Amino acid sequence: MSLAAIFSRVAGIVITIFVIATINFVLVRAAPGDPAAVIAGQSGATDEKFLAQVRAEYGLDQPYVVQLGAYLGKVATLDLGYSYRLRRPVKDLIAERLGPTLLLTLSAFLISLLGGVVFGALAGVRHGKISDLAISLLALILYATPVFWFGLMLVLLFSIKLEWLPAFGYVDMRAGSFGPFAYALDVLKHLCLPALTLGAIYMAMYARLMRASVIEVAAEDYIKTARAKGLTEGAILRGHMLRNASLPVITFAGLQVGAMIGGAVVVETVFSWPGLGRLIFDAVTSRDYPVLLGLFLVMSILVIAVNLLTDLIHRLVDPRLAVR
Amino acid sequence: MNDSIRTFLRQPSGLLGLAILFLVCLAAALAPILYPGSPWDMVGAPLQPPGTAGSLLGTDTMGRDIASGILHGASVSLMIGIASTIAALAVGVTLGAIAGYAGGMVDRLIVRFIEIFQTIPNFVLAILLVAILTPSISTIILAIGLVSWPPLARLTRVQVQSIAAREFVQAARCQGLGSMSILLRHVIPNAISPIIVTGSMTVASAILIEAALSFMGLGDPNYMSWGYMIGAGRTVIRMAWWASLFPGLAILLTAVAINLIGEALNDALNPRISRS
Amino acid sequence: MKRRGFNKMLLGAGLALPAMSLFRDGVAYAQGAAGGLTAIINPEPPVLVLPINQQIPTGTIGGKIYESLLSYDFELKPQPQLAESWEISEDGLTYTFHLAKKAKWHDGKPFTSADVVFSCNVMLKEVHPRARGVFDRCESITAPDDHTVVFKLKAPFGPFLLAFETSSAPMAPKHIYEGTDYRKNPANDTPIGTGPFKLKEWSRGSHIHLVANEDYYLEGQPVLTEIFYKVVPDGASRSVAMETGEAQLSQFADIEPFDVPRLAAMPNLKMTTKGYEFFSPVLWYELNLRKKPFDDLRFRKAARLLLDPKFIVDKINFGLGKPATGPIASTTKFYDPNVTIYKTDVAAANALLDEMGLKKDANGVRTTIKFLVVPFGEFWTRLAEYFRQAMKQGGIEVVLETTDPGGFAQRVSNWEFDTTSNMLYQNGDPALGVARSYISSNIRKGVMFTNTEGYSNKEVDELFDRAAVLTSDKERAELYSKVQKILVDDLPVLWMTEQQFPTIHDARLENAIDTAIGVNGTFGRARWAS
């Protein structure tokens, strides 16, 4: 990449972040509902004096333009503001929720990509056979399944009927007294169902894509050449097809991360997973403006970061791109 | 066109999709006849298992009939799915066509705009929009439409770009036709088939988004919807699995049917890119 | 036998683990009367300083750290707390409190009358609206010596002694707050109270750890060595935590109504609805009386006849609570059951609506009204759905409107609604928690929990006003009986149920619930059965 290209890329990202910040701000401030009344409502008793105090304390009595200017200035300095509902800096709130969400999304991403590539390749290679049909059908159904419902059904089966895995939460309440190994194991146990839920739907998507990709690659000349050279099917698959066929899948998967974070909101609700998704839902229902604004920004930045990463991986896997 | 219909009808999966969708539409149409009351009516004791006390699929926490809810919910889901897809098409095709045909600065601006919208996690944006505009049928349609248009815009842009470069469009230009009429009369009709395919799939994803919104309590409280039923059944899943299982199956079947139809359409309309 | 042995082994391993662990905040299991308690808290309180925040979870945890002058038994009779004894003058204008001499703040400074004067006369008036309402009635609050405080009222106020409940008037340390910005004081992170428990650690999003206050002024208290309040935001997880013994106490609405019967039936758990007498919430449907047709008494009667409080108790609350007969809860002092009783009667309701001239159209609809759904969870959604179905039987079509908490508070307090539901605490006395919803002087636009329905009746105003300034319970009871009869006939709101909260706790936990504020009490006497 040339210096100019890098510069234009970075400039693009910065502009995008500021545009998103502005959109978010305008959207959220256009909302009905007086945040001062929310706090007051939660305090159990109210009067005008108290409402005025709250408004002054959080700058809610300033004109919108002033609020927006102040907000953008803060965004530039990575100051995400202060949650009046939880009485804590938004940065801290997001920071402590970021881990669980990244863990969930990353696990789901790996599950979906690995599963998708493997099952898709299998179906593609066995094109037209019964295993292809089974995988394709399953993928079709999974792809059309509502995420939250799939999660509930997993809970019904694995937690309530079979009692194998915990249905809710991130870690056992007593985990504070666990050793580090037991703690990790406990988190892993809690992670199984949510990660599978979030991953399965995308796995279906990638499997379909991988299958089509494998079938397409199989028809390419260099595969025919390889076959003519007498290479075994397994060697062809490993040496040529997998790499070329999985490229579009990886690119596509990278672009899906935004949607995946969105899906995490629902999954975290179903499984009471203490991540950004739950935080965003709580913030929306309680009109916690600073948290909402901060979350949107962070989630969008996450998506941008992952897109960049995908791009990088793409270049690694496909050297032809690096030359360009 | 006749060829396309024939190709479509030759595909068993497309026919299966049509058959399921027909059943769903039938359910929506028959709901007022089979279950003349409102699906909100408390017809029996709460949490009755399927098959007992005159309820085919059981009752929920308030003694409402699950079967009645599913039938009445069918029309709501279909309506929201189709309406929000139309909204998404309106925005997506317009922006995509302008970008693809105009090119240059306008194109770059629109592409940047699309990119920004694709960067925001779209379900989160939908939640935010519905929550801010307060949940109702129209705000839900608007929100789903607003988060579903970017892929349609991208597709339209690429299609329009490639069609606009073709000879017959150049010819029309030479004849001195206005941009607007070239776009409407020559470019869009030739670019439309993949857009129709993607649009039909958008209906399925719109139904899924609506269900997820309702599940999270952001549905219109005056319309019985499948997502709402799953959300209301979630808390009692330990005692009454039927309250969340059946509505979920309904969503699943509808979405599968629409996707099957979309794929068959794809094969029929775009024989070049059809799967081998 | 084999299985039991294995379980024992597991338990042994579980108990052995904390010793090896880096973290010392393990759950303490019951060992004799002392030992630790793990309780649930939800939602996580924003701050623990009770004087500046009175949300329910703040009250629950803050109630262990902070105290007021009095506590109350289940009949709401005042009992000593920071005040050992008290006298009231003949004219009901002067209240003299004698303070506990050994009481100390958690930082070791003595608790004195100066703290009381500062709290009631200065700080609470600034940061605590409900306390301001009461202490503004005082002519003066003075401290003749270190352990005596004298409140002089401008006019007699019947329920004055009920104003000293912990959340209503928590004592704040003068030496920390005087002259500072109360809400921004850095000391708010390390609350200093006089209560039997001190804050040890607050791990945000996870738990709040309280430990016994060794210097507590009451002999033999506290018995428990520590209390963990674990933050569990999810309803289903809270049930599981109680079921498995991960947590040993839950309160208020922690456990979803449908899970209560199941947990209550478990042999290792106990359920009680005692300990909420001070709050005694009453639930009602509220109609905006400024609008037609709600201004017509016949319409309100019809609506009341279409509703069945038993349905709410049985189907929505899964058996918790009981039908309310009027504005005052039967768990408080001045309740009078001899009022008009409304029985569900669809035919009579329709007759009333016919009489009003509200004709049914071709679809059987007389009129369409809106209902603003309370955005605080499923219970409220179910209430709205029930209202809609009940009204339908009278040909009244109800359209539900949803909103967020901010929008809800704003619309109700600015009177921009047709109908909604509401639940208010009675705070121990009709003058403190009931009158506010019905007297016309409390119709205050923009303020929540006032007379938002817009009811105005001179006679009712007068009765409430007179009853508030009387000091004899007998005279007050007469006036409140009268006002209850008038209100029930006039239906300013449609009272449905006296809500009950379930406190679920480990069957071995004793003496935790011993006052009218139950789980919000000090827990000084709480202990494990040996």
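The rules behind each value
- Residues numbered from 1 in each chain as written.
- Chains lettered and ligands numbered in written order.
- Predicted model: local features only at pLDDT ≥ 70, side-chain atom pairs only at ≥ 80, totals over all residues.
- UniProt positions renumbered as here; feature names shortened; annotations may be inferred.
- Helix = DSSP H or I, 4+ residues; strand = E, 2+ residues; numbered from the N terminus.
- Buried ≥ 20, exposed ≤ 12 C-beta atoms within 10 Å, placed from the backbone.
- Contact = placed C-beta atoms within 7 Å.
- Core = buried A, V, L, I, M, F, W, Y, C linked by C-beta atoms within 7 Å.
- Nonpolar A, V, L, I, M, F, W, Y, C, P; charged D, E, K, R; others polar.
- Pairing = 2+ DSSP bridges.
- Axes fitted to C-alpha atoms, helices over the stretch in contact; angles between N-to-C directions.
- Expected span 1.5 Å × (residues − 1).
- Arc of directions from axis to C-beta.
- Right-handed = clockwise from strand over helix to strand, strands pointing away.

Naming follows an unreviewed UniProt entry, where chain B appears as Peptide/nickel transport system permease protein of Neorhizobium alkalisoli. Reading the Subcellular location (unreviewed entry) entry of the UniProt record for chain B gives the comment "Cell membrane". The record in UniProt for chain B states the following under Sequence similarities (unreviewed entry): "Belongs to the binding-protein-dependent transport system permease family."

Under the annotation held in an unreviewed UniProt entry, chain A carries the name Peptide/nickel transport system permease protein and is attributed to Neorhizobium alkalisoli. In UniProt, chain A has this text filed under Sequence similarities (unreviewed entry): "Belongs to the binding-protein-dependent transport system permease family." Per UniProt, chain A carries the Subcellular location (unreviewed entry) text "Cell membrane".

Caption draft 1: Broad picture of the overall build of chain A. When you go through chain A residue by residue, the secondary structure sums to 14 helices and 2 strands. By residue count, 48% of the 324 residues in chain A fall in the buried class. Here the analysis covers contacts within chain A between residues at least 6 apart in sequence; of these, 73% occur between residues at least 24 apart.

Caption draft 2: View of the overall build of chain B. Secondary structure summary: chain B contains 10 helices and 0 strands in total. Mapped in sequence order, the helices and strands of chain B form the string α-α-α-α-α-α-α-α-α-α. Over its C-alpha atoms, taken along the principal directions, chain B stretches across nearly 75 × 45 × 30 Å. Expressed as a percentage of its 276 residues, the buried residues of chain B come to 53%. Residue pairs at least 24 apart in sequence account for 70% of intrachain contacts in chain B once pairs closer than 6 positions are excluded.

Caption draft 3: Quick peek at the nonpolar core. A:Tyr206, A:Leu295, B:Ala126, B:Ile127 and B:Ala212 are the most contacted members of the largest nonpolar core, which has 328 residues in total. If sequence neighbours within four positions are ignored, A:Tyr206 has contacts with A:Ser112, A:Leu113, A:Gly116, A:Val117, A:Gly120, A:Val249 and A:Ala253.

Caption draft 4: The interface of chain B and chain C, seen in detail. The interface of chain B with chain C comprises 14 residues on the first partner and 17 residues on the second. Within the side of chain B that touches chain C, the residues separate by chemical class into 8 nonpolar, 5 polar and 1 charged.

Caption draft 5: Examining the UniProt feature "domain: ABC transmembrane type-1" (unreviewed entry) in chain B more closely. UniProt's feature table lists "domain: ABC transmembrane type-1" (unreviewed entry) at residues 74-262 of chain B, given in the numbering used throughout. Within residues 74-262 of chain B, the helical portion is 85% and the strand portion 0%, while the C-alpha atoms at the span's ends are 19 Å from each other.

Caption draft 6: Inspection of unusual backbone geometry at higher detail. All names here are of chain C. The omega torsion of the bond from Asn42 to Pro43 falls at -10°, within 30 degrees of zero and hence cis. Looking at where Pro43 falls in the secondary structure, it is placed in the loop between strand E1 (36-41) and helix H2 (56-65). With an omega dihedral of -5°, the bond running from Lys292 to Pro293 counts as a cis peptide bond. Along the polypeptide, Pro293 turns up in the loop between strand E13 (282-287) and helix H8 (297-306). The phi angle at Phe449 is positive, at roughly 60°, despite the residue not being glycine. If you trace the backbone, Phe449 turns up in the loop between helix H13 (430-433) and helix H14 (458-469). The backbone of Phe523 sits at a positive phi, close to 65°, despite the residue not being glycine.

Caption draft 7: View of the sheet that holds strand E5 (residues 94-99) of chain C. Residue and element names in this part refer to chain C. Reading across from one edge, E4-E5-E7-E6 is the order of the 4 strands in this open sheet, with antiparallel pairing throughout. Lying at the two open borders of the sheet, with one neighbouring strand each, are strand E4 (83-88) and strand E6 (138-145). Taken pair by pair, the neighbouring strands of this sheet meet at an average axis angle of 20°, ignoring direction. Across 5 bridges, the pairing between E4 and E5 is antiparallel. Residue pairing in the sheet places Ser85 in a bridge with His98 of E5.

Caption draft 8: Molecular detail of the UniProt feature "transmembrane region" (unreviewed entry) in chain A. Residue and element names in this part refer to chain A. What UniProt calls "transmembrane region" (unreviewed entry) maps, in this numbering, to residues 7-27, 102-125, 137-160, 180-203, 247-271 and 291-310. Within residues 137-160, the helical portion is 88% and the strand portion 0%, while the C-alpha atoms at the span's ends are 28 Å from each other. Between the first and last C-alpha atoms of residues 180-203 the distance is 31 Å; the span itself is 100% helix and 0% strand.

Caption draft 9: Focus on the UniProt feature "transmembrane region" (unreviewed entry) in chain B. The UniProt entry lists residues 12-35, 78-102, 123-149, 191-218 and 239-261 of chain B under the feature "transmembrane region" (unreviewed entry), expressed in the numbering used here. Here residues 123-149 of chain B is 89% helix and 0% strand, with 13 Å between the C-alpha atoms at its ends.

Caption draft 10: Structural context of helix H15 (residues 473-490) of chain C. Residues and elements named next belong to chain C. End to end, H15 covers 25 Å across 18 residues, agreeing with the expected 26 Å (1.5 Å per residue, within 8%). Of the residues making up H15, those classed as buried are Arg476, Leu479, Tyr480, Val483, Gln484, Leu487 and Val488. End-on view of H15: buried residues confined to an arc of 165°, all on one side of the axis. With respect to the buried face of H15, the exposed residues turned more than 90 degrees away are Lys474 and Asp489. One or two steps after H15, the chain reaches Leu491, where phi turns positive at roughly 45°.

Caption draft 11: Spatial organisation of the pairing of strand E18 (residues 493-498) of chain C. Residues and elements named next belong to chain C. Counting buried positions along E18 yields 6 of 6 residues, so the element is predominantly enclosed. In the sheet, E13 pairs with E18 via 5 bridges, with the strands oriented antiparallel. Across the sheet, Trp284 pairs through a bridge with Trp495, a residue of E18. Judged from the 2 bridges that link them, strand E14 (residues 322-323) and E18 form a sheet pairing that is antiparallel. Looking at E18, one finds that Pro323 is bridged to Thr497.

Caption draft 12: Here's a closer look at the environment of A:Ser112. Residues and elements named next belong to chain A. Looking at the element boundaries, Ser112 is found in helix H5 (residues 90-125). The buried category is assigned to Ser112, around which 25 C-beta atoms lie within 10 Å. Between the alpha carbons of Ser112 and Ile201 there is a distance of 7.7 Å; along the sequence they are 89 residues apart. Among residues more than four places away in sequence, those in contact with Ser112 are Gly199, Tyr202, Met203 and Tyr206.

Caption draft 13: Geometry of the pairing of strand E15 (residues 367-372) of chain C. Residues and elements named next belong to chain C. Two elements, E15 and strand E16 (residues 396-401), share 6 bridges in a ladder whose sense is parallel. Across the sheet, residue Lys370 finds its bridge partner in E16, namely Val399. Each parallel crossover has a hand, and for E15 linked through helix H11 (residues 378-392) to E16 it is right-handed. With 2 bridges connecting them, E15 and strand E17 (residues 419-424) associate as parallel partners.

Caption draft 14: A look at the sheet that holds E14(C). Residue and element names in this part refer to chain C. Pairing within the open sheet is mixed, and its 6 strands lie in the order E14-E18-E13-E17-E15-E16. One side of each edge strand has no neighbouring strand; the edge strands of this open sheet are E14 and E16. Along the sheet face, H11 touches E13, E15, E16 and E17 and points at about 160° away from the line of E16.

Caption draft 15: Focus on H14(C). Residue and element names in this part refer to chain C. Across its 12 residues, H14 extends 17 Å between first and last C-alpha, which sits within 8% of the 16 Å expected from 1.5 Å per residue. For H14, the complete set of buried residues consists of Val460, Leu463, Phe464, Ala467 and Ala468. Mapping the buried residues of H14 onto a view down its axis gives an arc of 130°, with all of them on the same face. Facing away from the buried side of H14 by more than 90 degrees, the exposed set consists of Lys458 and Glu459. Buried residues along H14 sit against H13 and H15.

Caption draft 16: Region of the structure containing the environment of C:Glu416. Residues and elements named next belong to chain C. Residue placement: Glu416 occurs in the loop between helix H12 (405-413) and E17. Taking the C-beta count within 10 Å as the criterion, Glu416 has 11 such neighbours and is therefore assigned exposed. When the C-alpha positions of Glu416 and Tyr335 are compared, they lie 32 Å apart, and in sequence the two are 81 residues distant.

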